[in-house]
Amino acid sequence: MEKTEIIRVAAVAGSLNKHSKTRMALKVVLEAAAASGAETHLIDLRDYDLVFCDGDDSSYTPDVFRLRQDVRQAHGIILGTPEYHSGYSGVLKNALDLMGFKEFQGKIVGLVGVAGGSTGAINSLNGLRTVCRSLRAWVVPNQVSISQGWKLFSDDGVLHDKQLEARLLEVGREVTRFAYLHHSAQAPEFLE
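Residues numbered from 1 in each chain as written. Predicted model: local features only at pLDDT ≥ 70, side-chain atom pairs only at ≥ 80, totals over all residues. Heavy atoms only, no water.

> Would you explain the pairing of strand β1 (residues 8-13) in this entry?
A regular strand carries its side chains on alternate faces of the sheet. By the criterion of burial, β1 is predominantly enclosed, with 5 of the 6 residues buried. The sheet contact formed by β1 and strand β2 (residues 39-44) spans 6 bridges and is parallel. For R8, the partnering residue across the bridge sits in β2 and is E39. Between the parallel elements β1 and β2, the chain passes through helix α1 (residues 21-35) in a crossover that is right-handed. (Buried < 20%, exposed > 50% of the residue type's maximum accessible area, 1.4 Å probe, protein only. Helix = DSSP H or I, 4+ residues; strand = E, 2+ residues; numbered from the N terminus. Pairing = 2+ DSSP bridges. Right-handed = clockwise from strand over helix to strand, strands pointing away.)

Okay, structure coming up:
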């Protein structure tokens, strides 16, 4: 299949930690998206001056509108979060609250959660799946819940678990494939 359309995949890193394992995991996911032909973008929430959502666009910083535009341009979105107290991060919650249907409706979404503990990030992923459904996005079936993330990545972001790497790569490929299928004017030909 020759892809003539550009598919854009953005990953939103829902962690402010400068040594974030979530960000490291998302870089692996984006590698697979790029290898599948997507144009990729890591949206690092540390790079945005976001105010708390109060529902009043007139009080928002220019970076709120930049974030919206960066997400709106993507056909596929990967949300990555650390798990804090059985939920996804507050910074990601606020970023999602600052956005809406224009950014997510009809988009393909993949989910990645990283926990420091041994039970993983499944509660965060379930919460994000609910939010994405509310925003009318299509969440791919595969997701990655990482437990004890602090053990799996070196300080420079190298992942030491090949099975986990394969699962992260599959999420990147799956989001890219479904984003292409969903967006492409060639979808009917592809389905035949």
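Once the structure has been displayed, the description carries forward.
> Honestly, the pattern of salt bridges in this entry has me stumped. Any pointers?
Any two side chains of opposite charge can pair, so long as their charged atoms come close to each other. Following the criterion strictly, the structure yields 10 salt bridges and no others. Notably, a salt bridge pairs D44 with R46, separated by 2.9 Å at the nearest N-O pair. Given the relative accessible area of 6%, D44 is considered buried. One salt bridge connects E170 with R177, and the closest N-O pair in it is separated by 2.8 Å. E170 gets classed as partly exposed once you look at its relative accessible area, which sits at 22%. Bridged by salt links that share partners, the residues R23, D44 and R46 form one connected network. (Salt bridge = Lys/Arg side-chain N within 4 Å of Asp/Glu carboxyl O.)

> Is there a simple way to think about the side chain of D44 in this case?
You can see D44 is positioned in strand β2. Here R23 takes part through its side chain, which lies 2.9 Å from a polar atom of the side chain of D44. Every residue in contact with D44, bar those within four places of it in the chain, is listed here: A13, S15 and R23. (Polar contact = N/O pair within 3.5 Å; in protein donor to acceptor, adjacent residues only side chain to side chain. Contact = heavy atoms within 4.5 Å.)

> What is the right way to read the packing of aromatic side chains from this model?
Any two aromatic rings considered together are summarised by their centre-to-centre distance and by the angle between their planes. Throughout the structure, instances matching the rule amount to 0 aromatic pairs. Note that R66 overlies the ring of Y48, its terminal NZ or CZ placed 4.0 Å from the centroid. Between the NZ or CZ atom of R136 and the centre of the ring of F101, over which it lies, the distance is 4.2 Å. (Phe/Tyr/Trp six-rings, centres within 6.5 Å; stacked < 30°, edge-to-face > 60°. Lys NZ or Arg CZ within 6 Å of the ring centre and 35° of its normal.)

> What is the right way to read the nonpolar core from this model?
One recurring pattern in soluble globular proteins: nonpolar side chains tend to sit buried together. One finds V9, I78, V112, I146 and L168 to be the most contacted residues of the largest nonpolar core, which totals 30 residues. At the level of secondary structure, the elements contributing two or more residues to this core comprise β1, α1, β5 (108-114), β6 (138-146) and α7 (162-183). Element by element, the count of residues in this core is highest for α1, at 8 residues. The residues touching V9, leaving out its near neighbours within four places in the chain, are L30, A33, A38, E39, T40, H41, G76, I78, V175 and T176. Formed by 28 residues, the second largest nonpolar core is a distinct cluster that contains L50, A74, L125 and L135. (Core = buried A, V, L, I, M, F, W, Y, C linked by side-chain atoms within 4.5 Å.)

> What is the right way to read α1 from this model?
Compared with an ideal rise of 1.5 Å per residue, which puts 15 residues at 21 Å, α1 spans 22 Å between its outermost C-alpha atoms and is within 8% of the ideal. Most of α1 is tucked away: 11 of the 15 residues are buried. Here α1 has its buried residues at K21, T22, R23, M24, A25, L26, V28, V29, L30, A32 and A33. Following α1 by one or two positions, G37 adopts a phi angle in the positive range, close to 100°. (Expected span 1.5 Å × (residues − 1).)

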